[in-house]
Amino acid sequence: MTQVNRRDLTLAGIDAGIPVTGPETVHIDLVNACNTNCITCWDHSPLLDTPRPAAWKGRRVRTDDVERLLDDLDDLGGVRNVILSGMGEPFVHPGIHDVIAAVKRRSFHLTIITNLLLADVRRVLDLGVDQLLVGVHAASRRTYEAFHPSFGSGEWDTLLEKLRAFRDAGRRFKQVQVICSVNAHELQEMVALAAEMHAESVTFKRASLRGGTESCGLDEAVRRRLLEEGVPRAREAAGRLGVATNLDVLERQLAAPGDETTPVGAPGCFMGFAYARVTVDGDVLYCCDPTIRVGSISDGTPFSDLWRGAAWQRLRDRLRAGESLPGCAQCGKFNQNVALGRAFEIRYGAQRLLEVTGRA
């Protein structure tokens, strides 16, 4: 099945209101533990009002359970992409290389979301990892250490060394820049860093904040300055340096009011036809929001049964009707929803897009 045909199936499911095959992408969490404490993180930030307990941070998935899930996804059909990450850093997991090998044996496209510091460059290359989404969140040592308060012992140099190693091996992995108060001044420099490291692209995202992390959010003056100066200058640099970005999406996020990172109602939510996430405890999430739980595979229920089940379909129907859920104002899949909305509009038309998102 080609990528184009696979996307057509997702769009057909959106049009019909019920998926015609499995999700395009399944996101599997490996660990809750992390080797850092990004200030924007809902789980490890030092700004959290209520820190996560040590017992929660110590949880990790068993490799045998991942194998069973992968078998079920293979049988379900339609799944093309597997993402490995966690509520923490996936390379903390002692069995990550076995998991990587298991994913690649089944010919899934594999993406790992990582801060890169613990990654073994040679093993990542040898195992054929297709894509890394590298959380950088800075363009200078000072900003990097402000975003990661536990750092200050050479981590910036380690990151640059590994980015150069992948660049020199011809692997153009993506860079991710989550924007908050400590790094908002470096958009243009972030683009330049991506160019230097031959990144495939830079994904910018306005930080979604809660639980105490709101204190590192963007105030109105900073948001206005980014819209008037920061984004245009970064866009000019991207054009000049040949760097692909999603600055148009960041622009829309910056225009959202208050702490919202998503203009609720637009472009609509399509995750129920394209995506799912499974936590280390076996909880199956509708999207990346841990509060929107569909069910669990920890009791032996196959993922495929949940995907086809009534609980998942009720959520699809609610969002398709234009209803929003509490987490929608800080949607972590906004970039993907924008892309799916554009693809749907091209195939089915603007009016039909309004109808399937409850805006007609």
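Data block above holds the structure.
Quick caveat: nothing in here was measured; it's all calculated off a predicted structure.

Engineer: Could you give an account of the pairing of strand β5 (residues 174–179), naming the residues involved and the relevant values?
Structural biologist: Here β5 lies mainly inside the structure; five of its six residues are buried. Bridge count between strand β4 (residues 131–135) and β5: three bridges; the pairing is parallel. When the bridges of β5 are listed, L133 appears paired with K174. Alignment of β5 against strand β6 (residues 202–206), held across five bridges, turns out to be parallel. When the sheet's bridge partners are listed, Q177 is paired in β6 with F204.

Engineer: So what's going on with unusual backbone geometry? Residues and values would help.
Structural biologist: For S107, which is not a glycine, the phi torsion comes out positive at approximately 65°. Tracing the backbone through its elements, the reader meets S107 in the loop between α4 (96–105) and β3 (109–114). A relative accessible area of 65% means that S107 is categorised as exposed. If you check the backbone angles, L116 has positive phi at about 80° while not being a glycine.

Engineer: So, the layout of surface pockets: which residues are in play, and what are the values?
Structural biologist: What the second largest pocket holds in volume is close to 360 Å³. Taken together, 21 residues form the lining of the second largest pocket, with D65, R68, L69, I297 and S298 sitting closest to its centre. Listing elements by their share of the lining of the second largest pocket, those giving two or more residues are β1 (25–31) and α3 (63–76). The greatest single-element share of the lining of the second largest pocket, amounting to five residues, is contributed by α3. Here the lining of the second largest pocket is composed, by residue class, of nine nonpolar, five polar and seven charged.

Engineer: An account of the packing of aromatic side chains is requested, with residue identities and associated values reported.
Structural biologist: What describes a pair of aromatic rings is the distance from one ring centre to the other and the angle between the planes of the rings. In the structure shown here, the tally under the stated rule is seven aromatic pairs. Where F166 meets F173, the ring centres are 4.9 Å apart and the plane angle is 75°; that geometry is what we call edge-to-face. With respect to class, F166 is no different from F173; both count as buried. In this structure an aromatic cluster arises from ring pairing among Y144, F151 and W156. A cation sits over an aromatic face here: R52 above W56, 4.0 Å from the ring centre.

Engineer: If you had to explain the pattern of salt bridges to someone new, which residues and values would you point to?
Structural biologist: Scanning the model with the defined rule gives 23 salt bridges in all. The closest approach of N and O atoms between R106 and E67, which form a salt bridge, is 2.7 Å. Taken together, the positions of R106 in the loop between α4 and β3 and E67 in helix α3 put the pair 39 residues apart, joining distant regions of the chain. Under the relative-accessibility criterion, R106 is labelled buried at 15%. A relative accessible area of 25% places E67 in the partly exposed class. Among the salt bridges present, the one from E355 reaches R352, with a minimum N-O distance of 3.0 Å. Taken together, the positions of E355 and R352, both in helix α15 (residues 350–356) and three residues apart, correspond to about one turn of that helix. Overall, E355 belongs to the partly exposed group, its relative accessible area being 37%. Using a relative accessible area of 25% as the deciding quantity, one classes R352 as partly exposed. Each of E67, D71, R105 and R106 takes part in salt bridges that share partners, so that together they form one network.

Conventions used here
Residues numbered from 1 in each chain as written. Predicted model: local features only at pLDDT ≥ 70, side-chain atom pairs only at ≥ 80, totals over all residues. Heavy atoms only, no water. Buried < 20%, exposed > 50% of the residue type's maximum accessible area, 1.4 Å probe, protein only. Helix = DSSP H or I, 4+ residues; strand = E, 2+ residues; numbered from the N terminus. Pairing = 2+ DSSP bridges. 1 Å grid on protein atoms, 1.4 Å probe; cavity = no way out; pocket = protein on both sides within 12 Å on 5 of 7 lines; lining within 4 Å. Points joined across faces, edges and corners; volume = space filled by probe spheres on them. Nonpolar A, V, L, I, M, F, W, Y, C, P; charged D, E, K, R; others polar. Phe/Tyr/Trp six-rings, centres within 6.5 Å; stacked < 30°, edge-to-face > 60°. Lys NZ or Arg CZ within 6 Å of the ring centre and 35° of its normal. Salt bridge = Lys/Arg side-chain N within 4 Å of Asp/Glu carboxyl O.

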